[in-house]
Amino acid sequence: MAGAVIVSNGGGGRDYPGNLTLYVLFTCFVAATGGLIFGYDLGISGGVTSMDPFLMKFFPSVYRQEKADESANQYCKFDSQLLTAFTSSLYLAALIASFFASSVTRVFGRKWSMLGGGVTFLAGAAVNGAARNVLMLILGRILLGVGVGFANQSVPLYLSEMAPARLRGMLNIGFQLMITIGILCANLINYGTAKIKGGWGWRISLALAAIPGAIIAVGSLFLPDTPNSLIERGHADRAKRMLRRIRGTDDILDEFNDLIAASEESKLVKHPWANIIKRKYRPQLTMAVLIPAFQQLTGINVITFYAPVLFKTIGFGGDASLMSSVITGLVNAFATLVSIATVDKVGRRKLFLQGGAQMLICQVIVGTLIAKKFGLSGEAEEGLSRGYAAVVVLFICLYVAGFAWSWGPLGWLVPSEIFPLEIRSAGQSINVSVNMLFTFGVAQAFLAMLCHLKYFLFFFFAAWVVLMTAFIALFLPETKNVPIEEMLLVWRAHWFWGHFLAHDDDVHVAAANSNLELGGANNAKAKQGGTAVAS
Ligand code: BGC
């Protein structure tokens, strides 16, 4: 029967027939390259804004201030709001753009948002690479931000909809992997261009953003749209053909019928934005707001944006600082592979909890090490010994690894897989904009916070990690292997969120209930495991 699925809190769930086809692997790979533009941008601006010729040309007052600063207080050396405003303006543009992307994604399909993202990003790279004044620089940043807003809104949805349920985590995390590769490439490029004698290295760094922009722009032209989106837009026949192709089997009727049922339901909802605030969507809405906010409150972008500054702060030389950020970049990318390999087996919750614990321990250790060395004054009595510095870098790497297999990828995966079709696009926009808002906030506040909170900064983020880990433990149900259009059943089975869902307001639940009566064996089995069996 259509809609048949066993949902359990420990994951599991019905498997639709079909395999991982080369076609789906390829389309997901191409779509995931949308992560490159976000990653490139995350990685490039920190390095560029630390290049003297760039500062002299666009931010001479910041340059003079930095050179004139002779204070020995390490915590306050780099505090410039103007400069951080340049870095973070992009995230505000992305925040706003993701709301427009929501309509494009819903009405025209996922691929057009990806194309729009790629093309705008490309334009932004051109304007930035050719920048003659701050105005051009800011205009370029806004275009890049619009590109990121569109891509981050559509790519995770696309991946989650294309993937077979049991491999959704793995395929979706391709996006995060591309983000980390983008960051790493940007770090390496900055490392090279900073050495260019003529002082125009920053132009290359900014202009090379065109490469990831072109990859996703051209790639998206060849992408098919997802069956879910085709059905949503009234192309049921094309969706059926697409489903056969991506699943590599003719036996797709169950999945197809589920998509049709989801689409029928979604047609009842004319205004996703007005609907998303309804009580029955409270669990998903809560996740769409809190997961991205928490992702940023792990403090990861303190490392992404400011690793060179941070390493300089604790006494590394210029080259050593840049090298250390390349090391954390490598750790970030490789540790993401761990997540890809495990997310559909051990599930989302275990990764969240393990990663959270690891980040917490590392933050406390790093905070303590820095406190011991610099105390509250920010002045070290003598330089950092090599061994001491290596231990700090080691724990920063372990922290990054913890993030890279938990909050990094899951911060994009989970929100993209929990929304019912009718509000999926709007929900993802909320996810993107909250993420951007907090990225902006952390980027903007970090240098001032380092100056005022000193080593407490690490404990500040550690406290957030405690809170978010407790939140996951209590409120996030396991979503691994559950078909995306059946996710409602997971919420229904949850001890807390179940209260928010009325028992008769959707076709899945009707199907679920009738199947409960039929599926005695499954039912008993699932109940033993403290789980729910549905439809
Ligand atoms: C986050 C970014 C972060 C990156 C680090 C992403 O998931 O959204 O803010 O810089 O991971 O790898």
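Data block above holds the structure.
Not measured: the values here are computed from a predicted model. (Residues numbered from 1 in each chain as written. Predicted model: local features only at pLDDT ≥ 70, side-chain atom pairs only at ≥ 80, totals over all residues. Heavy atoms only, no water.)

Asker: Account for the overall build of the chain, naming residues and giving values.
Answerer: Counting its regular elements, the chain contains 25 helices and 2 strands. By residue count, 61% of the 535 residues in the chain fall in the buried class. In the chain, of all internal contacts separated by at least 6 residues, the share reaching a separation of at least 24 is 80%. As displayed, the chain has an accessible area near 19,700 Å², and 68% of this comes from carbon and sulfur atoms. (Helix = DSSP H or I, 4+ residues; strand = E, 2+ residues; numbered from the N terminus. Buried < 20%, exposed > 50% of the residue type's maximum accessible area, 1.4 Å probe, protein only. Contact = heavy atoms within 4.5 Å. Areas by Shrake-Rupley, 256 points an atom, 1.4 Å probe, with all protein chains shown as cover.)

Asker: Would you mind going over the environment of Leu488 in detail, with residue names and values included?
Answerer: The topology assignment puts Leu488 in helix α23 (residues 488–493). The class for Leu488 is buried, based on a relative accessible area of 16%.

Asker: Before we move on, could you go through the state of the cysteines and cite the residues and values that matter?
Answerer: Simply put, the disulfide is a covalent bond whose two ends are the sulfur atoms of two cysteines. Summed over the entire model, instances satisfying the criterion amount to 0 disulfides. Left without a disulfide partner, Cys397 is nearest to the cysteine sulfur of Cys362, which lies 9.6 Å away. Judged by its relative accessible area of 12%, Cys397 falls in the buried class. (Disulfide = S-S within 2.5 Å.)

Asker: How would you explain the pattern of salt bridges if you had to name every residue and give the values?
Answerer: Taken as a whole and judged by the stated rule, the model has 13 salt bridges. Two residues, Glu417 and Arg348, come together in a salt bridge whose shortest N-O distance is 2.8 Å. Placement of Glu417 in helix α20 (residues 407–418) and of Arg348 in helix α18 (residues 348–374) is noted, with a sequence separation of 69 residues between them. In this structure, Glu417 and Arg348 share a single accessibility class: buried. The network of salt bridges with common partners includes Arg106, Arg110, Glu161, Glu232, Arg424 and Glu485. (Salt bridge = Lys/Arg side-chain N within 4 Å of Asp/Glu carboxyl O.)

Asker: Let's hear about the packing of helix α7 (residues 134–162) against α20: which residues, and what values?
Answerer: Where α7 contacts α20, the two axes come as close as 9 Å, and the packing angle between them is 70°. On the basis of the axis angle, α7 is roughly perpendicular to α20. The way α7 lies across α20 gives a crossing that is right-handed. Taken together, the residues of α20 that come into contact with α7 (itself represented by Asn152, Pro156, Leu157 and Ser160) are Trp412, Leu413, Ser416 and Glu417. Of the residues assigned to the contact of α7 with α20, the class counts are 4 nonpolar, 3 polar and 1 charged. (Axes fitted to C-alpha atoms, helices over the stretch in contact; angles between N-to-C directions. Parallel < 35°, antiparallel > 145°, perpendicular 65-115°, else oblique. Left-handed = near helix turned anticlockwise from the far one by under 90°. Nonpolar A, V, L, I, M, F, W, Y, C, P; charged D, E, K, R; others polar.)

Asker: Pulling in residues and values, what's your account of the nonpolar core?
Answerer: Ranked by size, the top nonpolar core spans 72 residues in total, and within it Phe38, Phe54, Phe59, Leu137 and Met436 carry the most contacts. Setting aside chain neighbours within four positions, we find Phe54 in contact with Val48, Thr49, Phe59, Phe86, Leu137, Trp202 and Leu206. Ranked by size, the runner-up nonpolar core spans 67 residues in total, among them Phe374, Ala401, Trp405 and Trp497. (Core = buried A, V, L, I, M, F, W, Y, C linked by side-chain atoms within 4.5 Å.)

Asker: Give me the side chain of Gln428: which residues, what numbers.
Answerer: Residue placement: Gln428 occurs in helix α21 (residues 421–453). Those residues in contact with Gln428, other than ones at most four positions away along the chain, are Asn152, Gln153, Pro156, Leu157, Trp412, Pro415, Ser416 and Phe419.

Asker: Explain the site of the ligand residue by residue, including any values.
Answerer: Taken together, 14 residues sit near the ligand, with Gln176, Gln295, Gln296, Asn301 and Asn332 positioned nearest. The contact in question runs from an oxygen atom of the ligand to an N or O atom on the side chain of Asn301, over 2.5 Å. With respect to the ligand, the side chain of Asn332 contributes an N or O atom lying 2.8 Å from an oxygen atom. For the ligand, whose accessible area on its own is 310 Å², the fraction buried by protein is 100%. Secondary structure elements with two or more residues in the shell around the ligand: α2 (34–48), α8 (168–193), α15 (282–297), α16 (300–313) and α20. Considering every element that reaches the shell around the ligand, the biggest residue donor is α8, with 3 residues. (Near = heavy atom within 4 Å. Polar contact = N/O pair within 3.5 Å; in protein donor to acceptor, adjacent residues only side chain to side chain.)

Asker: Tell me about α20, and name the residues and values.
Answerer: An ideal rise of 1.5 Å per residue puts 16 Å on 12 residues; α20 measures up with 16 Å between its terminal C-alpha atoms. Within α20, 12 of the 12 residues are buried, which leaves it mostly tucked inside the rest of the structure. Among the residues making up α20, those that are buried are Trp407, Gly408, Pro409, Leu410, Gly411, Trp412, Leu413, Val414, Pro415, Ser416, Glu417 and Ile418. (Expected span 1.5 Å × (residues − 1).)

Asker: Give a description of the packing of aromatic side chains that names residues and reports values.
Answerer: Tallied over the full model, the rule gives 23 aromatic pairs. Ring centres of Phe54 and Phe86 lie 5.6 Å apart, and the angle between their planes is 50°; this geometry places the pair in the tilted category. Placement of Phe54 in helix α3 (residues 52–58) and of Phe86 in helix α5 (residues 81–107) is noted, with a sequence separation of 32 residues between them. Residue Phe54 shares its accessibility class with Phe86, and that shared class is buried. For the pair Phe475 and Phe496, a centre-to-centre distance of 5.1 Å together with 70° between the ring planes defines the contact as edge-to-face. One end of the pair, Phe475, is in helix α22 (residues 456–475); the other, Phe496, is in the loop between α23 and α24 (507–518), and 21 residues separate them in sequence. Accessibility expressed as a relative area gives 18% for Phe475, which makes it buried. Given the relative accessible area of 27%, Phe496 is considered partly exposed. Members of the aromatic cluster, joined through ring pairs, are Phe294, Phe352, Trp407, Phe471, Phe475, Trp491, Trp495, Phe496, Trp497 and Phe500. Its end group placed over the ring of Phe58, Lys57 keeps NZ or CZ at 5.7 Å from the ring centre. Sitting over the face of the ring of Tyr191, Lys195 holds its NZ or CZ atom 4.2 Å from the ring centroid. (Phe/Tyr/Trp six-rings, centres within 6.5 Å; stacked < 30°, edge-to-face > 60°. Lys NZ or Arg CZ within 6 Å of the ring centre and 35° of its normal.)

Asker: Outline the packing of α5 against helix α6 (residues 110–129), supporting the account with residue identities and numerical values.
Answerer: A pair of packed helices is characterised by two quantities: the angle between their axes and the separation of those axes. Between α5 and α6, whose axes approach to 6 Å, the crossing angle comes to 140°. Accordingly, the angle class assigned to the pair α5 and α6 is oblique. Contacts between α5 and α6 involve Ala101, Val104, Thr105 and Arg106 on the former and, on the latter, Arg110, Trp112 and Ser113. Residues belonging to the contact of α5 with α6 are distributed by class as follows: 3 nonpolar, 2 polar and 2 charged.

Asker: Outline a nonpolar patch on the surface, supporting the account with residue identities and numerical values.
Answerer: The grouping of Val107, Phe108, Trp112, Val218, Leu221 and Phe222 at the surface amounts to a nonpolar patch, some 670 Å² of accessible area in total. Look at Leu221 and you get partly exposed, because its relative accessible area is 49%. (Patch = residues over 30% accessible without salt bridge, like charges linked within 9 Å, V, L, I, M, F, W, Y side chains within 5 Å.)

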